[in-house]
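Summary of structural features
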Amino acid sequence: CIRDRVGVISLPDYRGSSSSSTYVLPTPYIKYRGDRVRVDNGVRAFFFESEDLLLTLSANLAMAGDDNTSERDGMDNLNPLLEIGPALNYRLHRLQHGSLWFDLLLRYAYTLDSDFDHVGEVFEPRLAWRKPATRLGEWKLRYSISPLFASRDYHEYFYSVKADEATSSRPAYDAAGGYSGLRSEFTVSKRIGKFWLGGFVRYDNLRNSQIDDSPLVTEPDSWLGGIALSWVFYEK
């Protein structure tokens, strides 16, 4: 099906930033479910699929925040990132309402500019409860919690401060790879006739991570969320 979607999302300019931006995004939305490729809030290619185990290729777009943040004043701009890589999803337990899943995600990050630079990897082991919509008009729910781990290059892209970028309030800093904080997320969606309504709330905690002492991390705890409304104008 093809939808016309309007979404409102509020998010930090990067994880750990005290500055945030709100976006209103009128965008087309395409949902496709084939035997091996599915498009629905991202693109997934299925290499292996059974009742309780999925091996897929997943992709995600990480938007860049406002470059005029107080933390990054005078520093190089951040570009949007394409993150792509394999995801292994295993159903641990069936519940009366939904299922408990354990997911392993590994994504390689590339800048979306003319250079298409590789800027590192992110590894996310995730525990998730999922309640599917079994019929039209029923709510679809998901709650997940996951520690995040990132390579040195990935952390350097966001949190390192070069010597020529240092100021009296922003000392030079060399980011290390490793633990990147804790993430928890709740998503909800529902189909109502020709309309689709969805939303999410996410909590990020960078305390005790490898980069919580970066001068660019000024808000180690952050909440973000968004809502979206879609109109389904073509369905096959």
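The text that follows walks through the structure, step by step, so that each part is easy to find.

What counts, and where the lines are drawn
Residues numbered from 1 in each chain as written. Predicted model: local features only at pLDDT ≥ 70, side-chain atom pairs only at ≥ 80, totals over all residues. Heavy atoms only, no water. Helix = DSSP H or I, 4+ residues; strand = E, 2+ residues; numbered from the N terminus. Buried < 20%, exposed > 50% of the residue type's maximum accessible area, 1.4 Å probe, protein only. Contact = heavy atoms within 4.5 Å. Areas by Shrake-Rupley, 256 points an atom, 1.4 Å probe, with all protein chains shown as cover. Salt bridge = Lys/Arg side-chain N within 4 Å of Asp/Glu carboxyl O. Core = buried A, V, L, I, M, F, W, Y, C linked by side-chain atoms within 4.5 Å. Lys, Arg positive; Asp, Glu negative; His and termini not counted. Polar contact = N/O pair within 3.5 Å; in protein donor to acceptor, adjacent residues only side chain to side chain. Pairing = 2+ DSSP bridges. Phe/Tyr/Trp six-rings, centres within 6.5 Å; stacked < 30°, edge-to-face > 60°. Arc of directions from axis to C-beta.

**Describing the overall build of the protein chain**
When you go through the protein chain residue by residue, the secondary structure sums to one helix and 13 strands. The secondary structure elements of the protein chain, listed N-terminal to C-terminal, are β-β-β-β-β-β-β-β-β-β-α-β-β-β. Expressed as a percentage of its 236 residues, the buried residues of the protein chain come to 41%. Pairs at least 24 apart in sequence give 57% of the contacts found in the protein chain among residues at least 6 apart. A total accessible area of about 13,200 Å² is found for the protein chain, and carbon and sulfur atoms account for 58% of it.

**Considerations on the environment of leucine 78**
Within the element layout of this structure, leucine 78 appears in the loop between strand S6 (53-62) and strand S7 (81-94). Distance from leucine 78 to tyrosine 14, taken between C-alpha atoms, is 9.1 Å for residues 64 residues apart in sequence.

**Concerning the pattern of salt bridges**
Overall, the coordinates contain 14 salt bridges when judged by the stated rule. The closest approach of N and O atoms between arginine 130 and aspartate 103, which form a salt bridge, is 2.7 Å. With arginine 130 in strand S9 (residues 118-131) and aspartate 103 in strand S8 (residues 99-111), this residue pair connects regions lying 27 residues apart in the sequence. Arginine 202 is the partner of glutamate 185 in a salt bridge, and the nearest nitrogen-oxygen pair spans 2.8 Å. Here arginine 202 lies in strand S12 (residues 195-205) and glutamate 185 lies in strand S11 (residues 178-192), a separation of 17 residues in the sequence.

**Observations concerning the nonpolar core**
Judged by nonpolar contacts, the single largest core of 19 residues is most densely connected at Tyr14, Leu81, Tyr154, Tyr157, Phe158, Tyr159 and Ile211. Every element with two or more residues in this core is listed here: S9 and helix H1 (152-159). Broken down by element, this core gets its largest block of residues, four residues, from H1. Ignoring anything within four residues of it in the chain, the contact list for tyrosine 14 reads Thr69, Glu71, Arg72, Leu78, Phe158, Tyr159 and Leu216.

**Comments concerning the side chain of arginine 170**
Within the secondary structure, arginine 170 is located in the loop between H1 and S11. Although arginine 170 is buried, it forms no salt bridge, and the closest oppositely charged side chain is aspartate 73 at an N-O distance of 6.1 Å. A polar contact is formed between the side chain of arginine 170 and the backbone oxygen of glutamate 71, at a distance of 2.8 Å.

**Some words on the pairing of S9**
Note that S8 and S9 share eleven bridges and pair antiparallel. Residue pairing across strands places phenylalanine 102 opposite leucine 127, the latter belonging to S9. Counting the residues that bridge the hairpin from S8 to S9 gives six residues, and of these phenylalanine 116 lies at a positive phi of roughly 50°. Strand direction decides the pairing type here: S9 and strand S10 (residues 140-150), joined by seven bridges, are antiparallel. Its bridge partner being in S10, leucine 127 is matched across the sheet by isoleucine 145.

**Describing the packing of aromatic side chains**
Taken as a whole, this structure holds eight aromatic pairs when the rule is applied. Look at tyrosine 110 and phenylalanine 116: their rings are 5.0 Å apart centre to centre, the planes differ by 5°, and that puts the pair in the stacked class. A centroid spacing of 6.0 Å and a plane angle of 45° characterise the contact between phenylalanine 158 and tyrosine 159, whose relative ring orientation is tilted. Of the two residues, phenylalanine 158 and tyrosine 159, both sit in the buried class. Among the aromatic residues, those joined into a cluster by ring pairs are Tyr14, Tyr154, Tyr157, Phe158 and Tyr159.

**Overview of H1**
Every buried residue belonging to H1 is among Tyr154, His155, Tyr157, Phe158 and Tyr159, and all of these are buried. The buried side chains of H1 occupy one side of the element, clustering within an arc of 160° when seen end-on. Residues of H1 that are buried sit in contact with S7, S8, S9, S10 and S11.

None of this, on its own, says anything about what the molecule does.
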